[in-house]
Amino acid sequence: GVSHVLTLALQELSLLCKRDVNGVGMLYDLLRSRWLQALLKIYECLQHYLGKRPAPVTLQAHVLSREVVELLREAPQSGEIKELRRLLHSPHFKAALLSAHDTVAQKDFEPTLPPLADNIPENEEAMRIVCLVKNNQPLGATIKRHEITGDITVARVIHGGLADRSGLLYAGDKLVEVNGVPVEGLEPEQVINIL
């Protein structure tokens, strides 16, 4: 995988380092860095998971359950078959387990973003959708009203805070919406309460 390719690249770079080619030492150190190695391992694990993500055998387990009950009705009646029929008729099994299975099997839990318009002018500003989960910790950024435009903007990103660690917010970013609430016309203090 990616780790093998990285190992081969490191071997090649070690040969170039001995020849003292410009910038190769820095690149060699970068590729050997522990954080990059860890990031590549995470990437490989995610790729492995995506390749093996289980898919439901059927989207309608309750229909399959009814078919099995009908087949069991026609089968010779033994103690095991009676017990299986009783379980399949159980409201807990039908309402809870099969219903939960069908609900999960029929949904796509991947995040969906609205499509970008095809006719955006070249001079149009780009907009990013940022999702930060705070978990009772401060955002680590201050906001202010822009003196000229009146827009609510990020004034400062505090080093080590959630916004800084995420790498998603920058000083000068314009806030358009927070938690689904448009911020146009709001005071910075009102926006802080939404955050």
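Just so we're clear, the structure is a prediction, and the values are computed from it rather than from any experiment.

Colleague: Quick rundown of the nonpolar core? Include the residues and the values.
Modeller: Of all hydrophobic cores here, the largest spans eight residues; its members are Ile143, Ile152, Val154, Leu175, Val178, Val183, Leu186 and Val191. Residues in contact with leucine 175, not counting those within four places in the same chain, are Ile143, Ile152, Thr153, Val154, Val183 and Val191. Counting five residues, the second largest nonpolar core, distinct from the first, contains Leu10, Leu31, Leu36 and Leu40.

Colleague: If you had to explain the pattern of salt bridges to someone new, which residues and values would you point to?
Modeller: For the coordinates displayed, the defined rule picks out five salt bridges. The salt bridge involving glutamate 83 is made with arginine 86; its shortest N-O contact spans 2.8 Å. Of this pair, glutamate 83 and arginine 86 are both found in helix 5 (residues 79-89), three residues apart, which corresponds to roughly one turn of the helix. Exposure remark for glutamate 83: the relative accessible area of 37% places this residue in the partly exposed category. Judged by relative accessible area, arginine 86 falls into the exposed class, the value being 52%. Residue glutamate 147 pairs with lysine 144 through a salt bridge whose shortest N-O separation is 3.8 Å. Residue classification places glutamate 147 among the exposed residues on the basis of a relative accessible area of 63%. For lysine 144, a relative accessible area of 35% gives the class partly exposed.

Colleague: If you had to explain the packing of helix 4 (residues 61-74) against helix 5 to someone new, which residues and values would you point to?
Modeller: As a packed pair, helix 4 and helix 5 sit with axes 10 Å apart at the nearest point and diverge in direction by 150 degrees. By the criterion of interaxial angle, the relationship of helix 4 to helix 5 is roughly antiparallel. In the packing of helix 4 onto helix 5, the handedness of the crossing is left-handed. Together, Ser65, Val68, Val69, Leu72 and Arg73 of helix 4 and Ile81, Leu84, Arg85, Leu88 and His89 of helix 5 make up the contact between the two elements. Among the residues forming the contact of helix 4 with helix 5, the class breakdown is six nonpolar, two polar and two charged.

Scoring rules and cut-offs
- Residues numbered from 1 in each chain as written.
- Predicted model: local features only at pLDDT ≥ 70, side-chain atom pairs only at ≥ 80, totals over all residues.
- Heavy atoms only, no water.
- Core = buried A, V, L, I, M, F, W, Y, C linked by side-chain atoms within 4.5 Å.
- Buried < 20%, exposed > 50% of the residue type's maximum accessible area, 1.4 Å probe, protein only.
- Contact = heavy atoms within 4.5 Å.
- Salt bridge = Lys/Arg side-chain N within 4 Å of Asp/Glu carboxyl O.
- Helix = DSSP H or I, 4+ residues; strand = E, 2+ residues; numbered from the N terminus.
- Axes fitted to C-alpha atoms, helices over the stretch in contact; angles between N-to-C directions.
- Parallel < 35°, antiparallel > 145°, perpendicular 65-115°, else oblique.
- Left-handed = near helix turned anticlockwise from the far one by under 90°.
- Nonpolar A, V, L, I, M, F, W, Y, C, P; charged D, E, K, R; others polar.

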